[in-house]
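In case you want the letters, here they are:
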Amino acid sequence: MTAQLIDGNALSKQLRGAVAQRASALRARGIVPGLAVVLVGENPASQVYVRNKVKACQDNGIHSLLEPYPATMSEAELLARVDALNRDPAIHGILVQLPLPAHIDAQKVIEAISPDKDVDGFHVASAGALMVGQPGFWPCTPYGCMKMLESLNDGKGYELKGKHAVVIGRSNIVGKPMALMLLQKNATVTICHSGTQNLKALTLQADVVVAAVGKRNVLTADMVKPGAVVIDVGMNRNEAGKLCGDVDFEGVKEVAGWITPVPGGVGPMTITMLLVNTLEAAERG
Ligand code: NAP
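Caption draft 1: Main features of the sheet that holds strand S3 (residues 63-69). Spatial ordering of the open sheet is given by S3-S2-S4, a layout of 3 strands whose pairing is parallel. Each end of this open sheet is capped by a strand with a single partner; those strands are S3 and strand S4 (93-96). On average, each strand axis in the sheet is tilted by 15 degrees relative to the strand beside it, whichever way the strands run. Bridge count for strand S2 (residues 34-40) against S4 is 4 bridges, and the pairing is parallel. Directly across from Ala 36, in S4, lies its bridge partner Ile 94. With respect to the sheet, helix H2 (residues 44-59) is in contact with S2, S3 and S4, its orientation differing from that of S2 by roughly 170 degrees.

In structure tokens:
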């Protein structure tokens, strides 16, 4: 069997088109959706991520304000900047790029962002809203994975009710919220982590596997149930320096029913959902 590809670039294009339309409808009402992107320090990977996010905003009718600061910025200065952005009516979403320099308490900074502008969905209020099923901003990466599942079967969606989903990884930004989102759709969810014994026995039962670990070949063909949906969140480099995921794509695509590639899978969807969240923040006013 050769799996169908879940094309994150194609789905992103479609969803970003809808964002651009909604942004122009807002502009017609005199509201320009605005995202502030705060970058502290010169982490090269963060600089690339931030550039991509800003460009995606510009391409889709969202005003973006990039604020780069030196790594020497103090925690108090950053908190003061977040506070000013919270009160700025032209800014609907605030993103503080992680990781922050070691002398800054990242969680403290995230908690300083107004939940109404928390478009990354990392604030405890956002996590709590997801937990109890209230409206709030969902973290962009797992939200993008859910949109991918919704896009299957020619847009009719993948029926999660009663299915077994295995999430490998339990970070606060990917694994845990992913598990909650799947649970909300009535899947039976297993969360795995570095201490999980016999991962293969669990993944072999799974109708959906989401790998969010950060290690190559965590999921190989012998670990996948035929026809399963495989979503690869991981971002790693192979020996040749090429971007690759957590899944052994070449092997697993022969067993799975659907599979996301890396690159061109979850990565573009993460940025797309940031645009969606920012637009929603602007629409909520
Ligand atoms: P993280 O905070 O490092 O979490 C990794 C998780 O993997 C942890 O829960 C860890 O378990 C678990 N783990 C480690 N080794 C394992 C193993 N051998 N078997 C099973 N579980 C194992 O990472 P993250 O921030 O969630 O990110 C995960 C990956 O996704 C990274 O490659 C990251 O770059 C990528 N990512 C991609 C996007 C995107 O847009 N495409 C967005 C975010 C993240 P413990 O909890 O027990 O330590």
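We are not done yet, so read on.
Caption draft 2: Summary view of the domain arrangement of the protein. When its domains are assigned, the protein resolves into domain 1 (30-120) and domain 2 (139-267). A C-alpha centroid distance of 29 Å is found between domain 1 and domain 2.

Caption draft 3: Quick look at empty space enclosed by the protein. Throughout the structure, instances matching the rule amount to 1 cavity of 30 Å³ or more. Lining the largest cavity are Ile 94, Leu 95, Val 96, Leu 98, Ile 110, Ile 113, Asp 118, Asp 120 and Phe 122. Ranked by the residues each element gives to the lining of the largest cavity, the list is headed by S4, at 3 residues. Partitioning the lining of the largest cavity into residue classes produces 7 nonpolar, no polar and 2 charged.

Caption draft 4: Molecular detail of the site of the ligand. As a matter of local geometry, the ligand sits amid 19 residues, with Arg 170, Ser 171, Ser 194, Lys 215 and Thr 270 nearest to it. Between Ser 171 and the ligand, the recorded distance is 2.6 Å, taken from a side-chain N or O atom to an oxygen atom. At 2.7 Å, a side-chain N or O of Thr 270 approaches an oxygen atom of the ligand. When residues in the shell around the ligand are grouped by element, the largest group, 3 residues, is from helix H10 (residues 266-284). Looking at the shell around the ligand residue by residue, the class counts come to 8 nonpolar, 9 polar and 2 charged.

Caption draft 5: Summary view of the pattern of salt bridges. Under the defined criterion, the tally for this structure stands at 13 salt bridges. The partner of Glu 75 in a salt bridge is Lys 108, with the nearest N and O atoms 2.9 Å apart. Taken together, the residues Glu 75 in helix H3 (residues 75-87) and Lys 108 in helix H4 (residues 106-112) connect sequence positions 33 residues apart. Look at Lys 108 and you get partly exposed, because its relative accessible area is 42%. Glu 280 is the salt-bridge partner of Arg 284, the closest N and O atoms lying 3.7 Å from each other. A residue pair is termed a helical-turn pair when its members lie 3 or 4 positions apart in one helix, as Arg 284 and Glu 280 do in helix H10 at 4 residues. What makes Arg 284 partly exposed here is its relative accessible area of 46%. With a relative accessible area of 22%, Glu 280 lands in the partly exposed category. Salt bridges sharing partners connect three or more residues here, namely Arg 22, Glu 280, Glu 283 and Arg 284.

Caption draft 6: Quick look at the packing of aromatic side chains. Considering all chains together, one arrives at 2 aromatic pairs under this definition. Judged by centre distance (5.3 Å) and plane angle (70 degrees), the rings of Trp 138 and Tyr 143 are edge-to-face. This pair shows no difference in class: Trp 138 is buried, exactly as Tyr 143 is. Look at Tyr 158 and Trp 258: their rings are 5.9 Å apart centre to centre, the planes differ by 80 degrees, and that puts the pair in the edge-to-face class. In this pair, Tyr 158 is assigned in the loop between helix H6 (140-151) and strand S5 (164-168) and Trp 258 in strand S11 (residues 258-259), connecting sequence segments 100 residues apart.

The rules behind each value
- Residues numbered from 1 in each chain as written.
- Predicted model: local features only at pLDDT ≥ 70, side-chain atom pairs only at ≥ 80, totals over all residues.
- Heavy atoms only, no water.
- Pairing = 2+ DSSP bridges.
- Helix = DSSP H or I, 4+ residues; strand = E, 2+ residues; numbered from the N terminus.
- Axes fitted to C-alpha atoms, helices over the stretch in contact; angles between N-to-C directions.
- Contact = heavy atoms within 4.5 Å.
- Domains from an automatic or database assignment.
- 1 Å grid on protein atoms, 1.4 Å probe; cavity = no way out; pocket = protein on both sides within 12 Å on 5 of 7 lines; lining within 4 Å.
- Points joined across faces, edges and corners; volume = space filled by probe spheres on them.
- Nonpolar A, V, L, I, M, F, W, Y, C, P; charged D, E, K, R; others polar.
- Near = heavy atom within 4 Å.
- Polar contact = N/O pair within 3.5 Å; in protein donor to acceptor, adjacent residues only side chain to side chain.
- Salt bridge = Lys/Arg side-chain N within 4 Å of Asp/Glu carboxyl O.
- Buried < 20%, exposed > 50% of the residue type's maximum accessible area, 1.4 Å probe, protein only.
- Phe/Tyr/Trp six-rings, centres within 6.5 Å; stacked < 30°, edge-to-face > 60°.

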